[in-house]
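Structural features, examined
Listed here are the chains, written in short residue letters.
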Amino acid sequence: MDMRNRLNAALKTAMKDKDSERLSTLRLINAAIKDREIAARGEGKEECVSDADVLGILGKMVKQRQESAKAFEEGARLELAEKERSEITVIEEFLPRQLSEGEVAQAISAAISETSAESIRDMGKVMGALKTKYTGQMDFGAVGAQIKAKLG
């Protein structure tokens, strides 16, 4: 089942179960996907958002909520931080399993040899290869530093 169908099925289940917190998070996900589709149509593209795009959107949403939760904790707004964390839990249900540090290191090494990368200039190729295979499975912000260390 593709990501859109999984999300819609979860949305219907949340409605039936009257689970308002889960329902609001699922609606936020759907809204983000629809925003991406509208933006694509504005650029003249007619195709739907792919599963890889949806994974990218979900990953971005998780990252935003982690940053918000941290800011709320620093501001002593624990109830808001908890709400952000509960949204993260719902969003992560639709993301693939996160790779361990060892698996990330192996993936980076494989991508470097696959793209024949030799210097920092080839970092974009390596990141592109990783994003194609591992979208939603690793934090590409942290991966960038590891790639620089290996290529530098």
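These numbers were taken from a predicted model, which means no experiment stands behind them.

**Remarks on the confidence of the model for the protein**
Of the residues in the protein, 98% have a pLDDT of 70 or more, and the chain-wide mean is 88. Within the protein, the lowest mean pLDDT, 84, falls on helix α7 (residues 140–151), and the highest, 94, falls on helix α4 (residues 78–92).

**Structural notes on the nonpolar core**
Membership of the largest hydrophobic core comes to 21 residues, with the highest contact counts inside it found for Leu7, Leu26, Ile29, Ile33, Val54, Leu58 and Phe94. Those elements that place two or more of their residues in this core are α1 (3–17), α2 (20–42), α3 (51–74) and α4. Take this core: its biggest share by element is 6 residues, from α3. Apart from the residues within four sequence positions on either side, Phe94 is in contact with Met3, Arg6, Leu7, Ala10, Arg22, Leu26, Leu55 and Leu58. One finds Ala107, Met123, Val126 and Met138 within the second-largest nonpolar core, a separate group that totals 17 residues.

**A closer look at α1**
Over its 15 residues, α1 runs 21 Å from end to end, which matches the ideal 21 Å to within 8%, given 1.5 Å per residue. Of the positions making up α1, those classed as buried are Met3, Arg4, Leu7, Ala10, Leu11 and Ala14. The arc that holds every buried residue of α1, seen down its axis, measures 130 degrees, which confines them to one face. Opposite its buried face, α1 presents the exposed residues Lys12 and Lys16, each directed more than 90 degrees away. Residues of α1 that are buried in the fold lie against α2 and α3. Backbone geometry just after α1 places Lys18 at a positive phi near 55 degrees.

Quick notes on the rules
Residues numbered from 1 in each chain as written. Predicted model: local features only at pLDDT ≥ 70, side-chain atom pairs only at ≥ 80, totals over all residues. Heavy atoms only, no water. pLDDT = per-residue confidence, 0-100. Helix = DSSP H or I, 4+ residues; strand = E, 2+ residues; numbered from the N terminus. Core = buried A, V, L, I, M, F, W, Y, C linked by side-chain atoms within 4.5 Å. Buried < 20%, exposed > 50% of the residue type's maximum accessible area, 1.4 Å probe, protein only. Contact = heavy atoms within 4.5 Å. Expected span 1.5 Å × (residues − 1). Arc of directions from axis to C-beta.

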